[in-house]
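As a plain string of letters, each chain reads:
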Amino acid sequence: LFLILISSFESCRSFSSKLHTSKRRLNTKMTEQPSPERMPAIPLPQVILSNVKGTWAYDTMSRRVKEDILARIYEENDLNNDPSLNEAKYKLDLLSNELTHPEISLLTPIQNDGGDDVGEWNSKIMSPHFGKNWLDAPWLIAEFYFYRRIVEIFDFFTTKYDPFLKQKQMGVLSALDSMESLAKRLFAENNLPTNERTKIFLSTSLWGNRVDLSLWPASDEISPSKDELVADLSSNLLANDLTKVAEKVSKGGKKADIIVDNAGFELFCDLCLADHLISSKNVTEIVFHLKGHPTFVSDAMSKDMTWMISYFKNLDEALHPSLRKLGKKWERMIGEKKWVLKDHCYWAQPYPFWEMPEELYQEMGASSLIVVKGDANYRRLLGDRMWPLDAPFSGVASYWPAPVCALRTLKAELGCGMDKKAMKAASDEHKDWLVNGKYGVVQMFDPK
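Residues numbered from 1 in each chain as written. Predicted model: local features only at pLDDT ≥ 70, side-chain atom pairs only at ≥ 80, totals over all residues. Heavy atoms only, no water.

## A look at the pattern of salt bridges
Part 1: Applying the stated criterion across every chain, the model contains 30 salt bridges.
Part 2: A salt bridge links Asp-275 to Lys-329; its shortest N-O distance comes to 3.0 Å. Linking Asp-275 in helix H14 (residues 265-279) with Lys-329 in helix H16 (residues 321-335), this pair joins segments that are 54 residues apart in sequence.
Part 3: For Lys-329, a relative accessible area of 24% corresponds to the partly exposed category. (Salt bridge = Lys/Arg side-chain N within 4 Å of Asp/Glu carboxyl O. Helix = DSSP H or I, 4+ residues; strand = E, 2+ residues; numbered from the N terminus. Buried < 20%, exposed > 50% of the residue type's maximum accessible area, 1.4 Å probe, protein only.)

Next comes the structure, spelled out in structure tokens:
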């Protein structure tokens, strides 16, 4: 308890000066209250909190962030032997003690660590929640705030030290053989109709590691056919707009946008989808929207994407010929600006997506298709609110200025637009169906 009080005191003692400094440094436009047409078309339900025992939100903020995430940071960074990390270890210990008693530890301002987002966090995102404990604040805000504290602790904006780098790179290195096998299969057959191939690439982007672990084993002899793959990947979809999305893609357009989630195998699958969209001439440009700083352990930044591509192109051609070829091709796509990589701190903040900076909103409005990847991004698409699970996706996502496709495996107790019979079957089979990652959705809203 003494260490908790020290931590709170050290964070609060310069509250006033930090806020003034942060406001001076802020150079991103503050998000304004959106107009009605930039809000969901149906009334907003209650936001999810973390103080209800027995929920995934409660388990995350009362246990998982400390026992799983912090433990991994201690394990994967040389905190005891690297003198340059002594201060980071001290601050990490203080945060760990805060999270030992999240029900009494209070949320405090982000220190002025050189990030241009500090003023946004302290003056807007967190200002309604200072004085609350970790569990009483909205779950999405508390969880994103936790990762922003990690960024502050490691002084990322000054040192560029990424405490999750090892995990992200191991996600690539440990899956090279599976990626090679998948790449060989995905790009080998070109005789299928473009729409069918689009469905396959969308499904692969959705399921990521599940494709690796169960559907695309390394042995060619036991690999499924393309039809079997689509059927299997569709079997656990609780909302299935694959055909609708493929038809939209087939109409073409200049630009598509991918709001990226995880690095590693999932990012590789996203790049396979992007490759297909360009190679099939459905679009001429892909913009990848990536995180402005490390967050959620495996979330991808542009540096993670370029590192993976560079690693691929230098692989041994005898062992990984498909990946080596893709690495060279994808590097060329970036050089030719067919692929554009954009980091932005907005993607690492807990705003609902209907509260989007004007420049991003306008950029999205010029897209022929926006692909929103992953569970954390989906939570923001829904504002992390308790929508009825069968509430129409079109009513929730109506604020998007261009066609939007959500690819999400369920890892949180929220959702919308899901089929009642499919949900009943999922709940009968798995008690934890909302969070175990075995079920997914492919959902699309087109404002036109």
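## Topic: the packing of aromatic side chains
Part 1: For the structure on display, the rule yields 22 aromatic pairs.
Part 2: For the ring pair Tyr-147 and Phe-296, a centre distance of 4.6 Å and an interplane angle of 25° mean the geometry is stacked. Taken together, the positions of Tyr-147 in helix H6 (residues 139-153) and Phe-296 in the loop between strand E3 (285-291) and helix H15 (302-313) put the pair 149 residues apart, joining distant regions of the chain. No difference in accessibility class separates Tyr-147 from Phe-296, as the two residues are buried.
Part 3: When the centroid spacing of 5.5 Å and the interplanar angle of 55° are considered together, the rings of Phe-187 and Phe-201 count as tilted. With Phe-187 in the loop between helix H9 (176-186) and helix H10 (194-207) and Phe-201 in helix H10, this pair connects stretches of sequence that are 14 residues apart.
Part 4: Its relative accessible area of 24% is what places Phe-187 among the partly exposed residues. (Phe/Tyr/Trp six-rings, centres within 6.5 Å; stacked < 30°, edge-to-face > 60°.)

## Side note on helix H17 (residues 358-365)
Part 1: For H17, the complete set of buried residues consists of Leu-360, Tyr-361, Glu-363 and Met-364. Looking down the long axis of H17, one finds its buried residues gathered within 160° of arc, a one-sided arrangement.
Part 2: Of the surrounding elements, those touching the buried residues of H17 are strand E2 (255-259), E3, strand E4 (339-344) and strand E5 (369-373). (Arc of directions from axis to C-beta. Contact = heavy atoms within 4.5 Å.)

## Description of the sheet that holds strand E7 (residues 440-445)
Part 1: Here we have seven strands laid out as an open sheet, ordered E1-E7-E6-E5-E2-E3-E4, and mixed in their pairing. The open sheet terminates on both sides in strands that have one partner only, identified here as strand E1 (237-240) and E4. Within the sheet, the average angular offset between the axes of one strand and its neighbour, ignoring direction, is 15°.
Part 2: Bridge count for E2 against E5 is four bridges, and the pairing is parallel. Following the sheet pairing, Ala-256 is matched in E5 by Leu-369.
Part 3: The strands touched by H10 are E1, E5, strand E6 (404-409) and E7; relative to E6, the strand with the most contacts, the crossing angle is about 50°.
Part 4: Sheet strands touched by H14: E2, E3, E4 and E5. Its angle to E3, the strand with the most contacts, is close to 160°. (Pairing = 2+ DSSP bridges. Axes fitted to C-alpha atoms, helices over the stretch in contact; angles between N-to-C directions.)

## What about H9?
Part 1: Burial analysis of H9 places nine of its 11 residues in the buried class, the great majority of the element.
Part 2: Every buried residue belonging to H9 is among Leu-176, Ser-178, Met-179, Glu-180, Ser-181, Leu-182, Ala-183, Arg-185 and Leu-186, and all of these are buried.

## Considering the nonpolar core
Nonpolar side chains in soluble globular proteins generally cluster together in the buried interior.
Part 1: With 79 residues, the main nonpolar core has Phe-146, Leu-381 and Trp-400 as its most contacted residues.
Part 2: The leading source of residues in this core is H6, at 10 residues.
Part 3: With sequence-adjacent residues up to four places away left out, Phe-146 is seen in contact with Val-65, Ile-69, Leu-70, Leu-95, Leu-99 and Trp-134.
Part 4: Within the second largest apolar cluster, 51 residues are counted, among which are Ala-256, Leu-290, Met-305 and Cys-405. (Core = buried A, V, L, I, M, F, W, Y, C linked by side-chain atoms within 4.5 Å.)

## Focus: the packing of H10 against helix H13 (residues 242-250)
Part 1: Here H10 crosses H13 at 120°, and the two axes come no closer than 9 Å. Between H10 and H13, the angle falls in the class oblique. Of the two elements, H10 crosses H13, and the hand of that crossing is right-handed. Between H10 and H13, the contacting residues are Asn-195, Thr-198, Lys-199, Leu-202 and Ser-203 on the first element and Leu-242, Thr-243, Val-245, Ala-246, Glu-247, Val-249 and Ser-250 on the second.
Part 2: Considering only residue class, the contact of H10 with H13 consists of five nonpolar, five polar and two charged. (Parallel < 35°, antiparallel > 145°, perpendicular 65-115°, else oblique. Left-handed = near helix turned anticlockwise from the far one by under 90°. Nonpolar A, V, L, I, M, F, W, Y, C, P; charged D, E, K, R; others polar.)

## Here's the deal with the environment of Phe-353
Part 1: The residue Phe-353 is located in the loop between E4 and H17 in this model.
Part 2: With a relative accessible area of 2%, Phe-353 lands in the buried category.
Part 3: Residues Phe-353 and Arg-380 lie 27 residues apart in sequence; the distance between their C-alpha atoms is 5.6 Å.
Part 4: Those residues in contact with Phe-353 that lie beyond four places of it in its chain are Tyr-346, Trp-347, Val-372, Asn-377, Arg-380, Leu-381, Tyr-399 and Trp-400.

## Some thoughts on unusual backbone geometry
Part 1: We note that Lys-160 has phi near 65°; this positive angle belongs to a residue other than glycine.
Part 2: Locating Lys-160 in the fold gives a position in the loop between helix H7 (156-159) and helix H8 (165-173).
Part 3: Among the residues examined, Lys-160 registers a relative accessible area of 51% and is labelled exposed.
Part 4: Of note, the phi angle at Lys-337 is positive, near 60°, even though the residue is not glycine.
Part 5: Mapped onto the fold, Lys-337 is located in the loop between H16 and E4.

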